[in-house]
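# Summary of the model geometry
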Number of protein chains: 2
Amino acid sequence: MKKGKMFIVSGPSGVGKGTVIKALLELRKDVCMSVSATTRPPRPGEMDGVQYYFLDRETFQDWVARDEFLEHMEYVGNCYGTPKRYVDTAMEKGQNVLLEIDVQGALEIAVKRPETVLIFILPPSWEELERRLVLRGTDSPEKIQKRLQRAKEEFRAAQAYQYFVVNDTVEEAVRELDAIMTAEHCRPGARTEAMLGGL
Amino acid sequence: MKKGKMFIVSGPSGVGKGTVIKALLELRKDVCMSVSATTRPPRPGEMDGVQYYFLDRETFQDWVARDEFLEHMEYVGNCYGTPKRYVDTAMEKGQNVLLEIDVQGALEIAVKRPETVLIFILPPSWEELERRLVLRGTDSPEKIQKRLQRAKEEFRAAQAYQYFVVNDTVEEAVRELDAIMTAEHCRPGARTEAMLGGL
């Protein structure tokens, strides 16, 4: 069986990452989302191993010490991390693992796992991103300006990414993500090595 | 309008390149084949600018001297070359240009145009390639062994290629070629530079 690969999807708040990823998961049965670990308590309805692995702080620190995370960070008092074991097991089973994380975490993983494919979702333009944030209606004008600023900073930090998918329409963005996954499986790897071995 | 890109497809005789490329050209209207120039006389039904640009030897040498070719070679007394102008005009018009050439010519082009995407079509196994060559029924057993040997040499020489498409079924191979083209258009380029410019 063909081993899965790891794909990281980053992109600004408001760009529509969630919608695109959801459509991709419906399209491709060989793709799954990575499940993160966190020290924040579960919200009603959340289940361990589904939305997150819920760990107490001591266990989390223990996992950090045992190098069990591909990346981890602290955010407003809670710890979050990507457990290696989950990702590796899924890939061994032939699943392509999708991680939705920010650029900093992505670059951290790319150092440890240079074969990881980094994809950044872009809005068609900065004006369009602003328009989408306004339409969403959840943020104050100040908050929207902050999000825009952060989006531009993320993009600037993402220059080592291999792919940039413009989310103009969801259909087109999903088609491109799907194509990137298919194309990346045509990279030199186990199969070409077997063919070389047969020479 | 989005500029086209150049894709080179190489692969052994008998692997089914022709069938796969034909199906791809039917699938994607934004792909065209590069038209080569040659000094060999046209065969009945061949038209200048369609199958080949038919040049006399003097004109061909003149084009070589004026650096009009991306690559050129001589084969059993005739010269063949890939004219830059044709390729560049097509790309300017948004067409992805497909070149079907051998590994040596491909690597020559890759030096001059490092943005060229190199794709090698592989058989599912060497045994399967042999079986296909036998089934084709056009070659003697000795000739088939020579073709197999040449196929393995080409593959060994193609280790700098970015993609390896296994032609197991035509449908799957076309799906992968199509995906590679779509994915390569998500590489950093004019669009991401425009977004960076807007920062």
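One numbering rule holds for all chains: residues counted from 1, following each sequence as written. Chains carry letters from A onward and ligands carry numbers from 1 onward, assigned in written order. Under the rules for a predicted model, residues below a pLDDT of 70 receive no local features and side-chain atom pairs below 80 are neither given nor counted, while totals for whole chains, interfaces and linings still include all residues. With hydrogens and water stripped out, all remaining heavy atoms of the structure feed into the side-chain values.

## Overview of the overall build of chain A
- To qualify as a helix, a DSSP run of H or I must reach at least 4 residues; to qualify as a strand, a run of E must reach at least 2; elements of each kind are numbered from the N terminus. For chain A, the helix and strand inventory stands at eight helices and nine strands.
- Computation of the radius of gyration draws on C-alpha atoms, with the globule rule given as 2.2 Å multiplied by the number of residues to the power 0.38. Taking 16 Å as the expected radius of gyration for a compact globule of 199 residues, we find that chain A reaches 18 Å, a close match to that expectation.
- On the principal axes, the C-alpha backbone points of chain A span a range of 65 × 45 × 30 Å.
- Counting the 199 residues in chain A, one finds 49% classified as buried.
- Here the contacts in chain A between residues at least 6 apart in sequence split such that 67% fall between residues at least 24 apart.
- The charge count treats Lys and Arg as positive and Asp and Glu as negative. His and the chain ends do not count. Every charge is mapped to an atom, namely NZ of Lys, CZ of Arg, CG of Asp or CD of Glu. The distance from the centre of the 28 positive side-chain charges to the centre of the 31 negative ones in chain A is 1 Å. Residue exposure (1.4 Å probe, protein chains only): buried if accessible area is under 20% of the type maximum, exposed if over 50%, otherwise partly exposed. Between two residues, a contact is recorded if the distance between any of their heavy atoms is within 4.5 Å.

## Focus: the packing of helix α1 (residues 17-27) of chain B against helix α7 (residues 170-184) of chain B
Residues and elements named next belong to chain B.
- Axis separation between α1 and α7 bottoms out at 9 Å; the angle between their running directions is 55 degrees. Between α1 and α7, the angle falls in the class oblique. You can see that α1 and α7 cross each other, and the crossing is right-handed. Judged by residue contacts, Thr-19, Val-20, Ala-23, Leu-24 and Leu-27 of α1 engage Val-170, Ala-173, Val-174, Leu-177, Asp-178 and Met-181 from α7.
- Residues of the contact of α1 with α7, tallied by class, amount to nine nonpolar, one polar and one charged. For helices, the fitted line uses only the C-alpha atoms of the stretch in contact; every axis is such a line through C-alpha atoms, and the angle between N-to-C directions lies from 0 to 180 degrees. Relative orientations are named as follows: roughly parallel for angles under 35 degrees, roughly antiparallel for angles over 145 degrees, roughly perpendicular for angles from 65 to 115 degrees, and oblique for any other angle. Left-handed describes a crossing whose near helix is turned anticlockwise from the far helix by less than a right angle; the clockwise case is right-handed. Amino acids outside the nonpolar list (Ala, Val, Leu, Ile, Met, Phe, Trp, Tyr, Cys, Pro) and the charged list (Asp, Glu, Lys, Arg) are all regarded as polar, and Gly is one of them.

## Some details on the pattern of salt bridges
All names here are of chain A.
- Here, a salt bridge means any Lys or Arg side-chain nitrogen found within 4 Å of an Asp or Glu carboxyl oxygen. Using the criterion set out here, one finds 40 salt bridges over all chains in the structure.
- Of the charged contacts in the structure, one is a salt bridge between Asp-88 and Arg-113, with a shortest N-O distance of 2.9 Å. Within this pair, whereas Asp-88 is found in helix α3 (residues 84-92), its partner Arg-113 is found in the loop between α4 (103-112) and β8 (117-122), the two being separated by 25 residues in sequence.
- Classification of Asp-88 by relative accessible area gives partly exposed; the value is 28%.

## So, the interface of chain B and chain A
- Each side of the interface is counted separately: chain B has 32 residues, and chain A has 32 residues.
- Accessible area that two parts lose when put together, with a 1.4 Å probe and added across both, is what the buried area reports. Both faces combined, the contact of chain B with chain A buries some 2,900 Å², and carbon together with sulfur accounts for 67% of it.
- Ranking the residues of chain B by area buried against chain A places Cys-186, Met-195 and Leu-199 of chain B at the top, with a combined share of 23%.
- The interface formed by chain B and chain A holds two salt bridges in total.
- Under this definition, polar contacts are N or O atom pairs within 3.5 Å; protein pairs additionally need one hydrogen-donor-capable and one acceptor-capable atom, and for neighbouring residues in sequence, both atoms have to be side-chain atoms. Put simply, chain B and chain A have 10 residue pairs in polar contact (both at pLDDT 80 or more) between them.
- When contributions to the side of chain B that touches chain A are tallied by element, the ones reaching two or more residues are α6 (141-157), β9 (163-166), α7 and α8 (190-197) of chain B.
- The element contributing the most residues to the side of chain B that touches chain A is α7 of chain B, with seven residues.
- A per-class count over the side of chain B that touches chain A returns 18 nonpolar, six polar and eight charged.

## Looking at the nonpolar core
- Note on terminology: a nonpolar core comprises buried Ala, Val, Leu, Ile, Met, Phe, Trp, Tyr and Cys residues joined through side-chain atoms within 4.5 Å. Counting 98 residues, the largest nonpolar core has Ile-119, Tyr-161 and Ile-180 of chain A together with Ile-119, Tyr-161 and Ile-180 of chain B as its most contacted members.
- If near-sequence neighbours (up to four positions away) are discounted, Ile-180 of chain B is found in contact with Ala-183 and Cys-186 of chain A together with Phe-7, Val-117, Ile-119, Tyr-163 and Val-165 of chain B.

## Some remarks on the confidence of the model for chain A
- A score between 0 and 100, pLDDT records how confident the predictor is in each residue. Chain-level statistics for chain A give a pLDDT mean of 94 and a share of 100% at 70 or above.
- Listed scores for the predicted complex are pTM 0.92 and ipTM 0.90.

## Points about the packing of aromatic side chains
- Centre distance within 6.5 Å is the pairing criterion for rings of Phe, Tyr and Trp, where only the six-membered ring of Trp is used; planes under 30 degrees apart are then read as stacked, over 60 as edge-to-face, and the remainder as tilted. By the definition in use, this model includes 20 aromatic pairs over all chains.
- Here Phe-120 of chain B and Tyr-161 of chain B contribute two aromatic rings whose centre-to-centre distance is 5.8 Å and whose plane-to-plane angle is 85 degrees, an arrangement assigned as edge-to-face. Note that Phe-120 of chain B is positioned in strand β8 (residues 117-122) and Tyr-161 of chain B in the loop between α6 and β9, a separation of 41 residues in sequence. Assigned by exposure class, Phe-120 of chain B and Tyr-161 of chain B land together as buried.
- Counting every residue linked through ring pairs, the aromatic cluster contains Phe-120, Trp-126, Phe-155, Tyr-161 and Phe-164 of chain A.
- Between Arg-85 of chain A and the ring centre of Trp-63 of chain A, over which it is positioned, the NZ or CZ distance is 5.8 Å. Remark: a charge is flagged as sitting over a ring if the NZ atom of Lys or the CZ atom of Arg is within 6 Å of the ring centre and within 35 degrees of the ring normal.

## Section: unusual backbone geometry
- Within the chain, Asp-67 of chain A stands out as a residue other than glycine whose phi angle is a positive 60 degrees.
- One can find Asp-67 of chain A in the loop between α2 (57-65) and β5 (69-75).

## Looking at the sheet that holds strand β2 (residues 31-33) of chain B
Residue and element names in this part refer to chain B.
- What makes two strands pair is DSSP finding at least two bridges between them. The strand order across the open sheet formed by five strands is β2-β7-β1-β8-β9, and the pairing between neighbours is parallel. Single-partner strands in this sheet number two, and they are β2 and β9. Sheet twist, expressed as the average angle between the axes of neighbouring strands with direction ignored, equals 30 degrees.
- Of the strand pairs in this sheet, strand β1 (residues 6-10) and strand β7 (residues 96-100) are connected by four bridges, and their pairing is parallel. In the sheet register, Val-9 faces β7, and the bridge partner there is Glu-100.
- Contacts from α7 reach β1, β2, β7, β8 and β9, with the element oriented near 155 degrees to β9.

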